Structures are given as C-alpha cells and as structure tokens.
Amino acid sequence: MKKFIPIVCFILFSNLSFGQIPIRKAGNYYEFNDLWQRDSVSVKQLMNTYKLDISKLEYVKFFEDFDLSHKLQENYSYTTYVYMLDKNTGAVSINSIPHEQKLPAPNKYVMVYCFDDFTQKKIINIKVF
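Residues numbered from 1 in each chain as written. Predicted model: local features only at pLDDT ≥ 70, side-chain atom pairs only at ≥ 80, totals over all residues. Heavy atoms only, no water.

*Asks:* Which residues make up the overall build of the protein, and what values do they have?
*Replies:* Along the backbone of the protein there are three helices and six strands. In the protein, the order of α-helices and β-strands from amino to carboxyl end is α-β-α-β-α-β-β-β-β. Within the protein, the fraction of its 129 residues that count as buried is 31%. The contacts in the protein between residues at least 6 apart in sequence include a share of 66% that link residues at least 24 apart. (Helix = DSSP H or I, 4+ residues; strand = E, 2+ residues; numbered from the N terminus. Buried < 20%, exposed > 50% of the residue type's maximum accessible area, 1.4 Å probe, protein only. Contact = heavy atoms within 4.5 Å.)

Below, the structure written as structure tokens:
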C-alpha cells in the first residue's frame, strides 16, 4: 500500500504537468495613474475629441472594483470612447460606441484603461456610466 500511493501521486501529477497549455502574456494592461504617466497625450486627445470632463466622475477600476464594474457594464447604459493606435503604421482611430442596457446611465462613474498588446495595437478606452 505504501508503494501504491507514491505511484498514484506520480501519475496524477505527471498528467497535470504534461497536459497543461502554456499561458503567455498577450500585452500590458494599464489603468488610471499608470495610464496617465505612460500615455497622457493619447488620453487627452481622446478626451478633447469628445469634450469629455471626467473630473467629477467616480473612478472605477476593472479588477479592484470588479463587482461594481461588472454591475455597471451588465445593467447600465454607457458610452465607450476608444483610441486605437496601429503600431505598425502609426494610424490612429478614435470612435465612440454607445451601449444600451436595461437601465439608463447614472452619469456618475468612469473607467479609463489601456490594453497595449505585443503585436500591433494599443487600445485606450474611456467608459462613462
């Protein structure tokens, strides 16, 4: 019996370690202060294009305030303002995308974040709830 347990453990753990798919980081994710320090010019350009004043809105962080951010995105209408940079060509596109949900936008919250992938795009989003 004492020999049986180590053999079962070895089989179990060897199958888990050989059967896993390696997870690779796809890019960098920045919010608020980190984003302002890294790319304030792009954020300001996006805000100026749509004349956004987010100074009186409450910041919501995607991961740290996950319950609130999930609730806002699932239940409340909001607008996403998007700044997208193609790193290969240097082309910039700026868009606004309305999202209609069950409840009207409370005009109280904002999420500001960037996903900078390792291939070709940097995407900055400002979501106003």
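*Asks:* How would you sum up the side chain of Asp 86? Please name residues and give values.
*Replies:* For Asp 86, the location among the structural elements is in strand E3 (residues 78–86). For Asp 86, the contacting residues outside a window of four places in its chain are Ala 91, Gln 120 and Lys 121.

*Asks:* Can you break down the confidence of the model for the protein residue by residue, with the values?
*Replies:* Mean pLDDT for the protein: 87, with 84% of residues reaching 70 or above. Overall, residues 6–18 carries pLDDT values under 50, and its contacts beyond four positions in sequence, including any with other chains, amount to zero contacts. (pLDDT = per-residue confidence, 0-100.)

*Asks:* Describe the pattern of salt bridges, naming the residues involved and giving the relevant values.
*Replies:* In total, this model carries four salt bridges according to the counting rule given. Between Lys 61 and Glu 64 there is a salt bridge whose closest N-O contact spans 3.9 Å. On the basis of relative accessible area, Glu 64 is assigned to the exposed category, the value being 63%. (Salt bridge = Lys/Arg side-chain N within 4 Å of Asp/Glu carboxyl O.)

*Asks:* Provide a residue-level description of the environment of Phe 32, including the pertinent values.
*Replies:* Turning to its location among the elements, Phe 32 is positioned in helix H2 (residues 32–49). Residue Phe 32 is classed as buried on the basis of its relative accessible area of 5%. When the C-alpha atoms of Phe 32 and Lys 61 are compared, they prove to be 8.0 Å apart, with 29 residues separating the residues in sequence. Each residue touching Phe 32, except ones within four places of it in the same chain, is listed here: Tyr 59, Val 60, Lys 61, Val 110, Met 111 and Val 112.

*Asks:* Help me get a handle on helix H3 (residues 66–75), residues and values and all.
*Replies:* Along an α-helix, residues three or four apart share an orientation, since each turn contains 3.6 residues. Residues of H3 that are buried: Ser 69, Leu 72 and Gln 73. Seen from one end, H3 has its buried residues packed into an arc of 90°, which puts them on one side. Considering only its buried residues, H3 is in contact with E3, strand E5 (109–117) and strand E6 (121–128). (Arc of directions from axis to C-beta.)

*Asks:* Please give an account of unusual backbone geometry that cites residues and values.
*Replies:* Look at Phe 32: it is not a glycine, yet its phi comes out positive at around 40°. Even without a glycine there, the phi angle at Lys 51 is positive, about 50°. As for its placement among the helices and strands, Lys 51 is situated in the loop between H2 and strand E2 (58–59).

*Asks:* Lay out the packing of aromatic side chains in plain terms, naming residues and giving numbers.
*Replies:* Here the structure, examined in full by the defined rule, presents seven aromatic pairs. Among the aromatic residues, those joined into a cluster by ring pairs are Tyr 29, Phe 62, Phe 63, Phe 66 and Tyr 113. (Phe/Tyr/Trp six-rings, centres within 6.5 Å; stacked < 30°, edge-to-face > 60°.)

*Asks:* Any details on H2? Residues and values, ideally.
*Replies:* Between its terminal C-alpha atoms H2 stretches only 19 Å, short of the 26 Å expected from 18 residues at 1.5 Å a residue. Its buried side turned inward, H2 meets strand E1 (27–31), E2, E3, strand E4 (92–99), E5 and E6. Remark: Lys 51 follows H2 within two positions and exhibits a positive phi of approximately 50°. (Expected span 1.5 Å × (residues − 1).)

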